[in-house]
Amino acid sequence: MIRSHAHVIRAALLFRLGGEQQITTPPTATGDYAIGLEELASMTRDHNISSLQHCGGVKGLSKMLKINLATGIVGDENDLIKRMNTFGANRYPQKKGRSFLRFLWEAWQDLTLIILIVAAIASLGLGIKTEGLSHGWYDGASISFAVMLVIIVTAVSDYRQSLQFQNLNKEKQNIQLEVMRGGRIMKISIFDIVVGDVVPLRIGDQVPADGILITGHSLAIDESSMTGESKIVHKDQNAPFLMSGCKVADGIGTMLVTGVGINTEWGLLMASISEDTGEETPLQVRLNGLATFIGIVGLAVALSVLAILLGRYFTGNTKNPDGSVQFIKGETTVSKAVDGVIKILTIAVTIVVVAVPEGLPLAVTLTLAYSMRKMMADKALVRRLSACETMGSSTTICSDKTGTLTLNQMTVVEAYVGKQKINPPDDPSQLQSQAGLLCEGIAQNTTGNVFVPKDGGDVEISGSPTEKAILSWAVKLGMDFDVLRAESKILHVFPFNSEKKRGGVAIQTADSNVHIHWKGAAEMVLASCTGFVDSNGSLQSIDKEMDYFKVAIDDMASCSLRCVAIAYRPYELDKVPTNEESLGKWVLPEDELVLLAIVGIKDPCRPGVKDAVKVCTAAGVKVRMVTGDNIQTAKAIALECGILSSGADAKEPNIIEGKVFRAYSEKEREIIAKKITVMGRSSPNDKLLLVQALRKGGEVVAVTGDGTNDAPALHEADIGLSMGIQGTEVAKESSDIVILDDNFASVVKVVRWGRSVYANIQKFIQFQLTVNVGALVINVVAAISSGDVPLNTVQLLWINLIMDTLGALALATEPPTDHLMHRTPVGRREPLITNIMWRNLLIQALYQIAVLLVLNFRGLSILHLNQDDRKHATIVKNTMIFNAFVLCQVFNEFNARKPDEINVFKGVTKNRLFMGIVGFTVILQIILIEFTGDFTTTVRLNWKQWLICVAIGTVRLVKLPNFIGWDISTQVNSGSALFYLQFWFDA
């Protein structure tokens with residue numbers, strides 16, 4: 001809406017200005033600057049070219065803003081503060097997240113809890129009326145307190161997860177970018193940009209603020225995020241205005257920042273919206289469906305119990321603990337009858353509360369939030385929640401080589417200048433007359449920068465790792481970067497293209513000669529060369545020496561070196577387009593080149609990559625390398641990393657070139673894709689074709705990428721993994737997860753966490769359904785047979801709290817284990833409840849039901865309570881059932897930790913949160929039994945009764961033979977002694 005209004009206002013303003021013949025007013029000085037905030041912001045926002053010309057163009061504007069276009073702002077603290085105070089900071093007011101009170105309100109909206117609150121109020125009033133104030137308030141107050149506790153715990157849990165998601169969203173927005181300050185390129189946060197900053201722009205970058213183009217070559221901007229139109233807009237001196245939030249689609253350039261934060265249209269737009277954290281993942285959708293189904297079953301059971309209890313009550317079959325009938329027709333007062341009905345209604349509603357598994361969606365939220373936070377510590381920023389789950393199902397990872405499998409710390413270790421091998425490669429004495437042209441090509445055909453401090457400190461080199469390696473080599477050979485840049489004028493730039501694997505620049509020298517310099521993949525540049533410069537500076541034909549250079553490239557590639565060729569060609573000045581529009585469309589000639597040098601750049605393998613690849617292989621995840629490098633270089637690195645096990649594997653189709661793969665038909669690609677382990681000289685489109693072929697073959701594909709052209713493959717893959725250091729903003733926005741340290745080992749950690757999310761949800765499902773089945777069956781059977789339930793409202797609400805909130809918190813935050821990486825990937829359509837889970841769930845539930853029903857119907861005789869007062873004996877029996885049931889759930893949490901392992905206590909002491917929740921639950925249970933009898937309708941138990949409850953809780957399943965195809969194997973812990981022995985042994 002804001003954008004639409006802005007366009008309407010702008011159109012009206014332009015119409016008016018057209019009628020007034022574009023009358024402009026001179027800029028107004030503000031403080032230390034010759035132009036004010038409003039004039040500057042409106043000039044950029046309205047794309048007012050006449051106002052810019054009135055200021056003297058970008059050069060005149062730079063003087064008004066007190067900056068040097070070549071070196072940027074001074075950048076000291078006083079300068080930055082002054083600019084922020086005058087023109088604002090690059091931040092915008094964000095909508096506040098929902099407050100804790102809002103979460104309380106939402107938790108209270110649950111219909112079953114509202115019914116319980118109404119029942120509690122009615123029970124409170126009737127209790128006080130019938131039993132007096134001293135004792136009559138117990139039941140109503142107990143229910144009210146239990147309900148409030150559930151609401152508060154739910155609200156606190158949801159609020160904490162909301163804060164975690166907010167923090168992760170802030171991290172996503174904190175983009176790091178390069179600016180020129182004081183003559184040097186430095187990396188800063190997007191929030192630290194100020195008006196006057198000079199910002200270099202490259203393909204894939206996000207325009208960090210509103211600004212004006214200083215210089216640009218083939219610069220094209222995707223303004224769809226602001227205008228809604230998908231058309232790419234070309235920027236030059238006739239259309240110099242750049243809008244914050246847009247993406248660089250092509251070319252390179254530098255911009256002068258003129259508007260930041262709320263003074264940009266992007267800032268206004270972002271201030272009016274809030275980050276949506278309400279994304280539902282596929283697993284959440286499935287669990288919501290499961291929860292709804294269980295809730296319907298629970299509702300049906302509750303209605304059945306309600307009907308049975310009401311029928312028994314009004315037919316006189318419901319008795320008090322002392323044996324007296326509760327309802328006698330014609331004798332029982334209306335208030336007592338209403339009181340009885342309310343108690344029955346409360347029990348039925350409580351059964352619904354227990355039956356509806358609110359904890360299932362909560363467990364997903366908890367485990368996702370916990371995993372996202374821990375993944376952040378493991379250098380992985382999750383952009384889409386669903387990726388956490390999907391990563392656990394991945395069957396193959398298509399990884400880049402440079403910077404992911406390697407360190408991205410490049411150095412030139414071999415060099416051929418002309419036909420001469422320079423040894424060592426940075427010895428300037430071995431260079432003769434070729435040095436001038438070579439250094440000119442390196443200095444001009446680069447997006448990097450060399451900064452020489454005036455105080456004589458170390459030279460600072462910026463740019464991509466490859467650029468830095470070549471610039472460092474040239475500096476050691478004696479290149480004076482600033483002098484060479486000043487001696488010639490750049491006419492046109494062809495930015496490095498991942499399809500052509502090269503980049504070029506046309507320059508005009510001081511003596512009006514035109515040189516076109518090219519740099520790129522060695523064998524591709526070499527194929528375009530017709531000559532080379534020998535050690536005497538003479539031009540020689542390359543025909544006879546072509547094999548020599550090819551062998552040199554192969555030798556370097558086989559040593560896992562990246563091979564880059566540097567070449568040039570002279571060009572006639574009169575053939576260069578003169579007007580700006582033609583120059584912008586000029587295609588640089590790339591034939592008849594003269595070879596100047598071939599360099600071999602070493603980029604060592606990352607430590608730990610070989611182990612990470614082994615872990616993936618053991619986990620059933622195939623690692624494939626997809627790289628733009630020479631096939632020999634790719635092969636050498638793949639062997640070093642363990643992706644290829646031996647040289648014997650290095651043959652087609654295991655190792656293949658991109659051009660060969662793309663030449664196959666779609667059906668052939670599907671068959672061959674599964675066999676491919678290494679793809680060399682691949683273009684971004686080859687990577688996309690590989691991903692599509694693998695997905696059609698049923699693979700769950702994770703892909704790494706860092707360039708703008710990788711965006712289609714990242715988007716197509718099941719999980720897109722972009723690189724946080726070398727990745728462009730376009731790549732990051734197309735990805736699901738950002739690997740902050742560009743390390744393949746971090747990708748493997750993401751797989752572990754993905755599997756952990758799924759495993760933790762399964763643990764909680766097993767735990768929750770066991771409690772559900774147990775509580776429902778016990779109450780239903782008791783209600784039908786005796787007209788009363790052993791677990792009353794307050795007790796059921798306490799069980800609900802243990803089961804839903806505390807249980808979810810304990811099991812959803814289990815850290816990943818090595819055991820997870822010894823399984824095969826989880827299929828995307830695999831059922832949530834596995835055969836092993838069904839086994840554990842049913843037998844655990846049957847065990848609990850059997851034991852507790854025996855206590856319910858034979859408890860008085862088993863506990864030798866037949867001689868006691870019947871009312872007191874019934875309360876003792878029900879207390880024992882309640883206590884034993886709770887302790888069953890406490891120890892069942894240990895069962896649920898390791899559904900498919902024998903030793904359920906392994907590593908339990910390392911999870912302090914789990915131990916804390918279990919300890920907290922047990923302590924609260926003791927307090928509940930021993931000190932709150934009046935509120936919970938319980939009595940104190942002696943040590944023998946406590947021991948019986950503990951023994952019931954700690955018993956586990958006996959090793960049983962296989963039946964109906966299930967793998968039945970688990971152990972027995974007969975009593976508390978063995979439990980504590982195993983627990984402390986593990987600790």
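Data block above holds the structure.
Residues numbered from 1 in each chain as written. Predicted model: local features only at pLDDT ≥ 70, side-chain atom pairs only at ≥ 80, totals over all residues. Heavy atoms only, no water.

Here we come to the overall build of the protein chain. A count of helical and extended segments in the protein chain gives 36 helices and 26 strands. When its C-alpha atoms are laid out on the principal axes, the protein chain stretches across 120 × 75 × 55 Å. Relative to its full complement of 987 residues, the protein chain shows a buried share of 54%. Taking the intrachain contacts of the protein chain between residues at least 6 apart in sequence as the baseline, contacts between residues at least 24 apart amount to 72%. For the protein chain, the centre of its 94 positive side-chain charges and the centre of its 98 negative side-chain charges are spaced 6 Å apart. (Helix = DSSP H or I, 4+ residues; strand = E, 2+ residues; numbered from the N terminus. Buried < 20%, exposed > 50% of the residue type's maximum accessible area, 1.4 Å probe, protein only. Contact = heavy atoms within 4.5 Å. Lys, Arg positive; Asp, Glu negative; His and termini not counted. Charge placed at Lys NZ, Arg CZ, Asp CG, Glu CD.)

What follows concerns the pattern of salt bridges. For the structure on display, the rule yields 29 salt bridges. A salt bridge links Glu 572 to Lys 575; its shortest N-O distance comes to 3.6 Å. Measuring nitrogen to oxygen at the nearest pair gives 3.4 Å for the salt bridge that ties Lys 687 to Asp 710. One end of the pair, Lys 687, is in helix H26 (residues 684-696); the other, Asp 710, is in the loop between strand E24 (701-705) and helix H27 (711-716), and 23 residues separate them in sequence. With respect to burial, Lys 687 and Asp 710 carry one shared label: buried. A network of salt bridges, in which partner residues are shared, links Asp 400, Lys 687 and Asp 710. (Salt bridge = Lys/Arg side-chain N within 4 Å of Asp/Glu carboxyl O.)

As a further point, take the packing of helix H20 (residues 546-558) against helix H23 (residues 631-641). As a packed pair, H20 and H23 sit with axes 7 Å apart at the nearest point and diverge in direction by 20 degrees. Taken as axis vectors, H20 and H23 run roughly parallel relative to one another. As for how H20 packs across H23, the hand of that crossing is right-handed. Counted together, Asp 554, Ala 557 and Ser 558 of H20 and Gln 632, Thr 633 and Ala 636 of H23 form the full contact between these two elements. Taken together, the residues that form the contact of H20 with H23 break down as two nonpolar, three polar and one charged. (Axes fitted to C-alpha atoms, helices over the stretch in contact; angles between N-to-C directions. Parallel < 35°, antiparallel > 145°, perpendicular 65-115°, else oblique. Left-handed = near helix turned anticlockwise from the far one by under 90°. Nonpolar A, V, L, I, M, F, W, Y, C, P; charged D, E, K, R; others polar.)

Bringing the nonpolar core into the picture now. Considering soluble globular proteins, one finds that nonpolar side chains tend to be buried as a cluster. Of all hydrophobic cores here, the largest spans 155 residues; its most connected members are Leu 287, Ile 643, Ile 737, Phe 744 and Ile 765. Top contributing element to this core by residue count: helix H29 (residues 744-786), with 19 residues. Other than its neighbours up to four places away in sequence, Ile 765 contacts Leu 287, Leu 290, Leu 360, Leu 832, Ile 833 and Met 837. Phe 87, Ile 193, Val 194 and Met 226 belong to the second-largest nonpolar core, a separate cluster that totals 47 residues. (Core = buried A, V, L, I, M, F, W, Y, C linked by side-chain atoms within 4.5 Å.)

Read from one edge of the open sheet, eight strands run E8-E26-E25-E24-E9-E21-E23-E22, paired in mixed fashion. Single-partner strands in this sheet number two, and they are strand E8 (380-382) and strand E22 (655-657). Averaged over all pairs of adjacent strands, the angle between strand axes in this sheet comes to 20 degrees, irrespective of strand direction. Where H26 meets the sheet, its contacts fall on strand E9 (396-399), strand E21 (622-626), strand E23 (678-680) and E24, and the angle it forms with E24 comes to roughly 170 degrees. (Pairing = 2+ DSSP bridges.)

A grouping of Leu 124, Ile 128, Leu 133 and Trp 137 is seen on the molecular surface, where their side chains present a nonpolar patch of about 330 Å² in accessible area. Tracing the backbone through its elements, the reader meets Leu 133 in helix H8 (residues 133-136). (Patch = residues over 30% accessible without salt bridge, like charges linked within 9 Å, V, L, I, M, F, W, Y side chains within 5 Å. Areas by Shrake-Rupley, 256 points an atom, 1.4 Å probe, with all protein chains shown as cover.)

Applying the stated criterion across every chain yields a total of 17 aromatic pairs. An angle of 70 degrees between the planes, with centres 5.7 Å apart, marks the rings of Phe 100 and Tyr 159 as edge-to-face. Here Phe 100 is found in helix H6 (residues 100-108), whereas its partner Tyr 159 is found in helix H9 (residues 138-173), with 59 residues between them in sequence. The partly exposed category is assigned to Phe 100, whose relative accessible area is 28%. Residue Tyr 159 is classed as partly exposed on the basis of its relative accessible area of 27%. Between Tyr 313 and Phe 314, the aromatic rings sit 5.1 Å apart at their centres with planes inclined by 80 degrees, giving edge-to-face as the arrangement. On the basis of relative accessibility, which here comes to 41%, the residue Phe 314 falls in the partly exposed class. These aromatic residues form a ring-pair network of at least three members: Tyr 416, Phe 532, Tyr 548 and Phe 549. Positioned over the ring face of Trp 518 is Arg 502, at 5.9 Å from the centre of the ring. Arg 897 extends its terminal NZ or CZ atom over the ring of Phe 914, reaching a point 5.5 Å from the ring centre. (Phe/Tyr/Trp six-rings, centres within 6.5 Å; stacked < 30°, edge-to-face > 60°. Lys NZ or Arg CZ within 6 Å of the ring centre and 35° of its normal.)

With an omega of 0 degrees, the peptide bond running from Asn 423 to Pro 424 counts as cis. A cis amide bond links Glu 652 to the next residue, Pro 653, at an omega of 0 degrees. Topologically, Pro 653 is positioned in the loop between H23 and E22. At His 47, a position not held by glycine, the phi torsion is positive, near 50 degrees. Structurally, the position occupied by His 47 is in the loop between helix H2 (37-45) and helix H3 (49-54). At Ser 560, a position not held by glycine, the phi torsion is positive, near 60 degrees. Its place among the elements puts Ser 560 in the loop between H20 and strand E19 (561-571).

Further remarks concern the pairing of strand E16 (residues 514-521). A regular strand places its side chains on the two faces of the sheet in alternate fashion. Of all eight residues in E16, eight are buried, a share of seventy percent or more. In the sheet, strand E15 (residues 502-508) pairs with E16 via seven bridges, with the strands oriented antiparallel. Counted as the bridge partner of Arg 502 is Gly 520 from E16. As paired strands, E16 and E19 are joined by eight bridges and run antiparallel to one another. Counted as the bridge partner of Gly 520 is Ala 565 from E19.

As a further point, take the environment of Pro 208. Looking at where Pro 208 falls in the secondary structure, it is placed in the loop between strand E3 (198-201) and strand E4 (210-222). Relative accessible area serves as the criterion here: at 3%, Pro 208 is assigned to the buried category. Once residues within four sequence positions are removed from consideration, Pro 208 is found in contact with Asn 90, Leu 177, Ile 190, Ile 193, Val 199, Leu 201, Ser 244 and Met 255.

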